[in-house]
Amino acid sequence: MKICKRHIFFFSALMALSTGCSKDFLNKPPEDQIVTENFYQTEEQVAASTNILYGLPWFGFNTKAFWAITELSGGNGRSWSGDVVNFGDLTVTGDNQLLYSAWESLYSVIAQSNMLLLNLPKYVNPAVSKATVNNALGEAHFMRAMAYFYLVRLYGAVPLIENNLDHINDPFLPRHRVEDVYKFIIRDLEFAEANCVKKMRGATYTANGHVSSGSASAVLAKVYLYLKDYAKAREKAELVINSKEFKLYGTDEVPGTNYDGLFRTKNNNNEESIIALQWTVDLVKYGPQNGTQASFALNSTITGTGDGWAVIGPTIDLQKAFEPGDIRRKSTIMLRGDVYPEINQAAGGYTVPDDANAQGTHAAIKKYVVGTPADNGGIGAYQKTANNTYLMRMAEVYLIHAEAILAGATSTSDAGALASFNKVRRRAGLGDKPSITLDDILHERRIELAIEGDYWFDLGRIDRAKAIGIINNQERGTYSNDSPPVIYSTKITITEDKFLFPIPTSETTKNPKFLEPPVPYKF
Amino acid sequence: QSKAITGSVHDDKGNALPGATVQVKDTKVATVTDVNGKFSLQVPNEGKILVFTFIGMQTLEQTIGQKSTFNVVLQTASRNLGDLVVIGYGQQRRQDVNGSVSTIKSSDIANIAQVSVDQMIQGKAAGVTVTQNSGQPGSLTSVRIRGVTSLTMNNEPLYVIDGVQVSGDGRNTSTGGRSVVSGPSTISGGGQTALSPLAALNPNDILSIDILKDASATAIFGSRGSNGVIIITTKKGRTGIGKLTYDGYYGVQQPSKYLDVMNLRQYATLQNEMAKVYGVEPRQEFSDISLLGNGTNWQKEIFRNAPMTSHSLAFSGGKDGVNYYVSAGYLDQQGIVIGSYFKRYSVRANIDGQVNSWLKVGTNVTASRTNENITVNDLKEGIVSLALQQAPDLAVYNMDGSWAGPLAGKDDGEGSENPVAKALSILNGVTRNKIMGNIYADINFSKAFTFHSEVSGDFNFGSNTVFKPTYKWGRYENKNATLYEGRSNSMFWSIRNYLTYNATFNQQHNITAMLGQEAMESSWEGISAMRQGFFTNNIYAIDAGDVAGASNGGYRGSGAQASYYGRLLYAFKDKYGLTATIRADGSSKYDQLAKKQWGYFPSFAASWKLFNEPFMKNVNQYVNNIRLKAGWGIVGNQDVPGFLYGSSLAVNPTGLGAGVSTVRIPNPNLQWESAMQTNLGIDFSLFKDKLNATVEFYNKTSKDFLYQLSLPVVITGGPDYNGGLSNPYVNLGKMNNKGYDITLNYRAIAKGNFTWNTTLTFSQYKNNVKELSATTTDITKTLNSGFLTFPLTRTVQGMPMGMFYGFKTVGIFNDQSKFATLPKQFGVDFGQGPGQNWLGDVQYEDVNGDGKIDEKDRTFIGSPHPKFTYGFMNSFSYKNFDLSVFVQGSYGNKILNLTRVSAGGLQRLYTNQFADVANFYTPENPNTNIPRPRRGDDNPNLFLSDRFLEDGSYLRIQTVNLGYNFSSDLLRKVRISRLKVYGSVQNLYTFTKYTGYDPEVGAYNGDALQLGIDNGRYPSPRTFTFGLNAEF
Amino acid sequence: MKKHIILYFLMFVMCAGFLFTSCEKDETPVPPTLERVRLIKKDSTTSIGYTSNMYAIMGQHLGTTIKVLFNGTEAYLNPTLITNTSIIVSIPADAPWKDQENKITVITLGGEAKIDFKIQQPGPEITNFDPKAAGTGDVITITGKVFDGLERVMFDSTKAEIVSFTSTEIKVKVPAGIVQAFIHVFTPGGVTTSKAAFGFKYVVFDDDLAPSWWKGGWGNTTDWASTQIVKRGTRAIKVQYTGAWSGFQTGYSGADITLSGYSAIKISLYGMVGSNGRKVKLVLNGNYDIGFEMILKEGEWQDFTIPLSSMGNPAKLLEIVLQEAEGNATTGMYVDDIGLI
């Protein structure tokens, strides 16, 4: 009995002990993530809170979607690859994975921006300066606007969301009118313009990465251009130009540089960069990196990492669009016989072989192709490079300026317009034009921003009939392997409805409201 | 004064049982039989009863009385209703169990060449659906007890191995989705990587498996038992002479089926056609088909006849109150897909000792180590899928012996990787070290009170080494060898104390009451390192790589649960039985501040042994052993990741430095999911106890079930690892599973030396989503894999979960004159222009009748749920031979065969296709059901439709096992107690209409909403085994 | 004894299982025999072939082929394109063809066999010629590849006198009357044409404007890459005057072009419908006082060679204007081959 009592006592004590510990015992916060309410406590934390908006969420858009959708559709690139071939003749359906990637990625940017806008004011330590907080909020607004700017140009009317948590229990959002989306974008950009810091771009590239008030002005200029509000586009463009915040790389504004340097990893966040996606290579994580080289590079010799699938080749149309002597050509397109000393340096540089033939074009893409890990200071891996992706750079502001002055006229010889326009041409090694037309500007934008995902949007914003004419006349065919090569001509005939892409099927299935007409947005 | 008693012990087959224990009950006096089964012992005066026990045999008690000679026969335990069933936190006679429990004995699963015990359960117990999700050695097998209870959560049962609780969840959803297999898919290749938690357990160590199916039975396990509980009892030592047992077999696995893909001639013919579709120049080497041979048969290259070896040695016995069972096992299984393998080394020590009259202590410990190489599978870029798609004009090796690959300089970037090179070059090695066990003490305070105290733990240490070497596969050249080293460990421990009161009043009322407490905690963490730029492919250790660009990562987390429970077992007059259980669980998964942590789950069950009623006396002659039982109970579920109630930020690198992204949408109101289950059952015997039947009906309703919403990505963006918000977890609606299980056991013939036993299990369940929330009327699961993206399954109220959702096809357009009257498809006019539908394209059905085909015509096109599953076991024995034939099958489920999209969609250049799609539409061949070739993965012919759905019904001859037991006379001369040699065939043949490798597709990584999807699944092999069991 | 029979039975089952799962053994290789070589696109027997082209070698016992040599040079083999009776193979681009044994050698695991097969001389290639322009009788040097057995050199339609030639270099005299022309080289291996035209010392426009020349003009619609009516090459400039005195204009913004080494500017014009007899004035460097009037001919190309001396002997070339010279807008023309000689 004695032993029984002791055991009963032991038993009771054990029970009590376990029960007594239970309050903390069952409290298990995450150990590898930060609890939101514990963040935003210092200046550094708040400043770093926007870093993510330049990277991971954009990954799906950047890797394949942006060039597949815009460059193949716009006639700058061509591909036979089954997943993207139908962009070439604009017969894609809602089942296309790249359309899904773009949609998903852009709404990731919006979601992260919105969560920041929600959490930062709620949890921030009052000791953090207002300017820092407002700058971060400005960046969030900026990136949200940027994402919507892409969405509206790709899909037309899309749902506007300011707070994602409002829609968890009522996910059946309608699409909102295009004009409201643009209004939303402008409102966000104006917030960014007013709250982001003003900067002067210098040679300390790491300080240039975050967008500034001037970046917002620049994007506003572009948005106004798309809305054909030329006066405001001009106003914003001149604001940016006169601020001299951004410089034109490869001119006397940045001595000792050239156009090609814009696309080197070591020149990330150079003086010309207005807004760029900030990639880094983490071998373990998949998502923080730039994945485009894997698709662009002609072969594995260039990448050194087993990728380099040459999924896209520059169309004959794009190749012929370059004027003789345009130095941008070599930085954009690899032609047979071209020599690139910065690629495959370990083997003494890379000479484009005589059988180079990406997708039947007898050429390959060069832009955003940076070479092997060894060519980039040991940084890089299979499907991973660290070079920034431009969302906008200063050269474009000059072209916007010129077009804003043209203001829909047939041509212009305005000194301001010519100065801006020819500044870009001179950097490219071309001669000045005494007067410019819309066609001149479109052509210049096409060349300057080739493979930067912009030409398709240019075609989408001009007069539909004119755009259809351009597209219908583009040579999207291939070169034969004869000598001299014969063009196997391919020309497409498109209709007006092709300028906007279908919302991904999986979205319209979950939310049939996406198939209904857009509604006004309540601001 | 003592009395001398002699006798012999034989089994029901007439074989002498050496080493059987003969003990005088309530005394320490005991002896064991000799090799002839004879014994003798001195019985003290107080000894009244002799107890005869032997492993695997039913214990027999005989009153001594005046007899001095006892020649007894022991019955095989599995045959008799009178055996004990482990019910969790105790045991009970089977005939007294009020809940629904099935038992599988070791003899039912012995000598089967399968590495994991969950595979062996297949078809053996009614109401248990076992599906192998992948044929890869060591991969996850899905066990569903009475259908599916949860939509996105874990549906695997809880495994209790000698009291240690192990989750069956191969996806580790409750531990944040972290798996041992953690290497980046950019170097490992990705695909289905879920590993079986039970693969570490040596099946030869198993004594019995008790499957608790209904709420009443599982209630004592509380929330962890919501998907059912499988209790595994390992072999123990018995008092008596030590025995040495050896079980070993050698097997050869081979692919059970090859799919008919195009040979080079057919491929060339197709490529010439595709060249026209794509507008490219036809390939010169394909201009004269007659010059071509068959080309490379990639399936024959990636599949192999793979050997499999198993050795198992066990030493058991008992002396002076200490019983022991010590074993060691070794298994080496090469996979039929080259490069894959699974090795297991395991040891086990089960020791228990009666310290004194009131204290018994014991320990069950097993340690195991598994090594496996995981090949890329269940993916468009997986080895199996690649073998179907890879062109036959690509050789495996070049003439110089190097790996072949698509040639550099070809016109386009098409062409896939060499699957053989990929399978053999990339290493994705996983090593898991596991120590699992418990230490317990049983204290008998008095005759009625027993206190059980137990500490159990499961410690796992995993490592994942992924090495991608430098290689040159044609145009794919990697000069940058990459190594990933991942180390992960997880720990689970629990403290359990319960007091049991057992008493009988008036010889009629038997009460067993139990009250207890339990606390358990699990924690996990991992760390990884990665480098590239190795000088050689031979040395891969992290520090041999280039430090520039090196990366590392890590994670950690934990969860806890505290519980209190009580159970009452009541039996009256051996007629009426009652089981009542209540359990209170507190979980760290829910918000403490919102007072959501604790859940309370009651249950009860009752039974009535009709056959003991006087009015049943006459009926008993024909229908005996009639027993009715009924049960009801509520069990909870907390199998979700932690901290879902709060908001957290994940840290990710960016070009600007570390960035934080919001990954959670918080839900403070998250609470327990509860499943209410009702169970009705009847047991009976017919034909003089030859036919024993159990029929059970159940109705299981999951309420407030935990569910990760599937919101439009417009709201969440991408998954959290892609920078979006993770879908939130909510308590959503109600789901119902009802069905019935039938178990029939028929001892057909028992005459002389010939016996024939047959067992049939038959299960049917009906799944139905009763309620979803007002705001979430449907759940759509989207496929995003290998250039494909489309809605896959859809779950709505009033329908089963995970139903395939797509278009219905009418046929192929083959009459131009009818276009004028047919509905326009997807907004495009009929025509021969790009993207237009024309003759040879798929015609879809206008489901909603609005005169056009569009998104609104998607509908439910098939169900992955079987109408019923069955297992049919026949055991024959004649003299020394025994033969068992086990057949199992499934009927009525559909399979979505995605390989027919990637290797049968006629949409890409340079991609091989199934041979039968060569019969595609041309104007000269208008009456085919294969559409014309068309460009692009997203072309309308490839929209998800019933075209890709196939009947997944099958009947599989699962096991044929022929054995020979050597007679003891012969063996006695060489000092062997028992020797059996056997030969068996696993997966001999499958009768099915399914065109893929294997109709047993299962759930992708165990996900219940991706049931029945074949994306190049690693097929299950046909295995020939030759082995022997020896006892010394 | 009975027990042993049972043991043997079980052993038999084991062996049967292993046999069931074992592999086939290959046959012993037999020496190959070669019968003929044929084209792939059509079954025409041939004993001659061109490099980089595909042929099928027909014979017996070719299944174990490990090497195929053309005049000793090993060809790349795709093992899947080898059957027991045929080998599909490309002649390597670097296979020697001159003064060879002219045989294909096939090596299999069973032995070796040869068959007569002559590699035809590959087509010639012009990589460069120098000088870019010269007068009648001047010798120019053409460099390139495979000029063996040179048959003739043509300047467009005119045959040139060959001074000397080697495999990689030809010296020819410029025939009379050549202002500018493509150079064609004829050898037994085929014909090749120079990428650029001979004749101009400095090209302003052949199919594209030369580097640093910008596109200007006023009062007209200019298509700088018209492929409709072309004098030479693939493109010409289409000028549609829409205003009186309107001008076609291109200017130079690169390094100076000094005119001291040049004697004349040459330009080709083609009059559109309704332009017959209309005047167009050539103006250099904006010097409108000195201009050279040219008269268009409808539907016909005319070559105008204008001495620089009649243009005021400008020191540099800065700009070229072709101005509508009648004050009557609606006329149009095609312009091609602008250059200095």
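Predicted, not measured: the structure shown is a model, and the values here were computed from it.

## Regarding the overall build of chain A
Within chain A, the secondary structure is distributed over 19 helices and 13 strands. Over its C-alpha atoms, taken along the principal directions, chain A stretches across nearly 110 × 50 × 50 Å. Buried positions account for 67% of the 523 residues belonging to chain A. In chain A, the proportion of contacts linking residues at least 24 apart, taken out of those at least 6 apart, comes to 72%. Split by element, the accessible area of chain A, about 17,000 Å² in all, is 55% carbon and sulfur. Looking at chain A, you have 53 positive and 57 negative side-chain charges, and the mean spots of the two groups are 4 Å apart.

## A look at the sheet that holds strand 18 (residues 213–215) of chain C
Residues and elements named next belong to chain C. Taken together, the five strands give an open sheet; going across it, the order is 18-21-26-23-24, and neighbouring strands pair in antiparallel fashion. Since the sheet does not close on itself, it has two edges, and those belong to strand 18 and strand 24 (291–295), each with one partner. Between one strand axis and the next, the sheet turns by 20° as a mean value, whatever way the strands run.

## Comments concerning the sheet that holds strand 7 (residues 69–74) of chain B
Residue and element names in this part refer to chain B. Strand order in the open sheet made by the three strands is 4-1-7, with mixed pairing throughout. Of all strands in the sheet, those bounded by a partner on one side alone are strand 4 (38–43) and strand 7. Pairs of neighbouring strands in the sheet enclose a mean axial angle of 30°, with direction left out of account. Relative to strand 4, strand 1 (residues 3–11) runs antiparallel, the two sharing six bridges.

## What about the UniProt feature "domain: SusD-like N-terminal" (unreviewed entry) in chain A?
Here, the residues flagged by UniProt with the feature "domain: SusD-like N-terminal" (unreviewed entry) are residues 91–225 of chain A. Across residues 91–225 of chain A, helical content stands at 62% and strand content at 0%; the span's end C-alpha atoms are separated by 29 Å.

## Points about the pattern of salt bridges
All names here are of chain B. Counted according to the given criterion, the structure contains 86 salt bridges over all chains. Between K629 and E696 there is a salt bridge, with its nearest N and O atoms 3.2 Å apart. With K629 in strand 31 (residues 623–637) and E696 in strand 35 (residues 691–703), the pair connects residues that are 67 residues apart, well separated along the chain. A residue is classified by how much of its surface remains accessible, and K629, at 9% relative accessible area, is buried. Looking at E696, the relative accessible area reads 3%, which means it is buried.

## A short note on the domain arrangement of chain C
Residues and elements named next belong to chain C. Taken domain by domain, chain C consists of domain 1 (33–119), domain 2 (125–198) and domain 3 (202–340). Taken together, the contact between domain 2 and domain 3 spans four residues of the former and five residues of the latter. Of the roughly 430 Å² buried where domain 2 meets domain 3, counting both sides, 60% is carbon and sulfur surface. Our count for the domain 2 to domain 3 interface comes out at zero salt bridges. The interface formed by domain 2 and domain 3 includes zero residue pairs in polar contact (both at pLDDT 80 or more). Grouping the constituent residues of the side of domain 2 that touches domain 3 by class yields three nonpolar, one polar and no charged.

## Examining the environment of R427 of chain A
Residues and elements named next belong to chain A. Here R427 lies in helix 15 (residues 415–427). What makes R427 buried here is its relative accessible area of 6%. Sequence separation of R427 and A404 is 23 residues, and the distance between their C-alpha atoms is 21 Å. Contacts of R427, omitting those with residues within four sequence positions, involve L248, Y249, G250, T251, Y259, L262, E272, I327, R393, A395 and E448.

## Notes on the packing of helix 7 (residues 178–195) of chain A against helix 8 (residues 213–226) of chain A
Residue and element names in this part refer to chain A. Running from N to C, helix 7 and helix 8 cross one another at 160°; their axes reach a closest spacing of 8 Å. When the axis of helix 7 is compared with that of helix 8, the two are roughly antiparallel. Judged by the sense of rotation from one axis to the other, the crossing of helix 7 with helix 8 is left-handed. Contacts between helix 7 and helix 8 involve Y182, I185, I186, L189, E190, A192 and E193 from the former and S213, A216, S217, V219, L220, V223, Y224 and Y226 from the latter. Tallied by class, residues from the contact of helix 7 with helix 8 come to 11 nonpolar, two polar and two charged.

## Notes on the interface of chain B and chain A
The partner chain A presents 114 residues to the 124 residues of chain B that form the contact. For the pair chain B and chain A, the summed buried area comes to about 10,000 Å², and 58% of that belongs to carbon and sulfur atoms. Among the residues chain B hides against chain A, the three largest losses belong to L656, V714 and D938 of chain B. Together they make up 8% of the total. Across the contact surface, chain B and chain A share three salt bridges. We note a salt bridge from D95 of chain A to R858 of chain B, for which the minimum N-O separation is 3.4 Å. Here the element with the most residues in the side of chain B that touches chain A is strand 28 (residues 546–572) of chain B; it accounts for 15 residues. Direction of pairing for strand 1 (residues 34–35) of chain A relative to strand 32 (residues 648–654) of chain B: antiparallel, over a ladder of two bridges. Note on strand 32 of chain B: the bridge partner recorded for V35 of chain A is S648 of chain B.

The rules behind each value
- Every residue gets a number counted from 1 within its own chain, in the order that chain's sequence is written.
- Going through the entries in the order they are written, you letter the chains from A and number the ligands from 1.
- Side-chain atom pairs in this predicted model are given and counted only at pLDDT of 80 or more, local residue features only at pLDDT of at least 70, and totals for whole chains, interfaces and linings cover all residues.
- Hydrogens and water molecules were not included; the side-chain quantities draw on all heavy atoms of the structure.
- Numbering of helices and strands starts at the N terminus; helices are DSSP runs of H or I of at least 4 residues and strands are runs of E of at least 2.
- Three exposure classes are used, based on accessible area relative to the maximum for each residue type with a 1.4 Å probe and protein chains only: buried under 20%, partly exposed in between, and exposed over 50%.
- Here, two residues are considered to be in contact whenever any of their heavy atoms come within 4.5 Å of each other.
- Surface exposure here means Shrake-Rupley accessible area, sampled with a 1.4 Å probe, where a residue is shielded only by the protein chains that are shown.
- Residues counted as positive are Lys and Arg, residues counted as negative are Asp and Glu, and His and the chain ends are not counted.
- Think of each charge as sitting on NZ of Lys, CZ of Arg, CG of Asp or CD of Glu.
- Pairing between two strands requires that DSSP report at least two bridges joining them.
- Fitted lines through C-alpha atoms give the axes, limited to the stretch in contact for helices. The angle between two N-to-C directions lies from 0 to 180 degrees.
- UniProt positions are given in the numbering used here, feature names are shortened, and annotations may be inferred rather than shown by experiment.
- By definition, a salt bridge exists where a carboxyl oxygen of Asp or Glu is found within 4 Å of a side-chain nitrogen of Lys or Arg.
- Residue ranges assigned to each domain were obtained from an automatic or database domain assignment.
- Defined here as a combined quantity, buried area equals the accessible surface (1.4 Å probe) lost by two parts on assembly, summed across both.
- Under the rule applied, a polar contact is a pair of N or O atoms within 3.5 Å (in protein, one hydrogen donor and one hydrogen acceptor; residues adjacent in sequence only if both atoms are side-chain atoms).
- Residues are sorted three ways: Asp, Glu, Lys and Arg are charged, Ala, Val, Leu, Ile, Met, Phe, Trp, Tyr, Cys and Pro are nonpolar, and all the rest, Gly among them, are polar.
- When describing relative orientation, an angle under 35 degrees is termed roughly parallel and one over 145 degrees roughly antiparallel, while 65 to 115 degrees is termed roughly perpendicular and anything else oblique.
- Left-handed describes a crossing whose near helix is turned anticlockwise from the far helix by less than a right angle; the clockwise case is right-handed.

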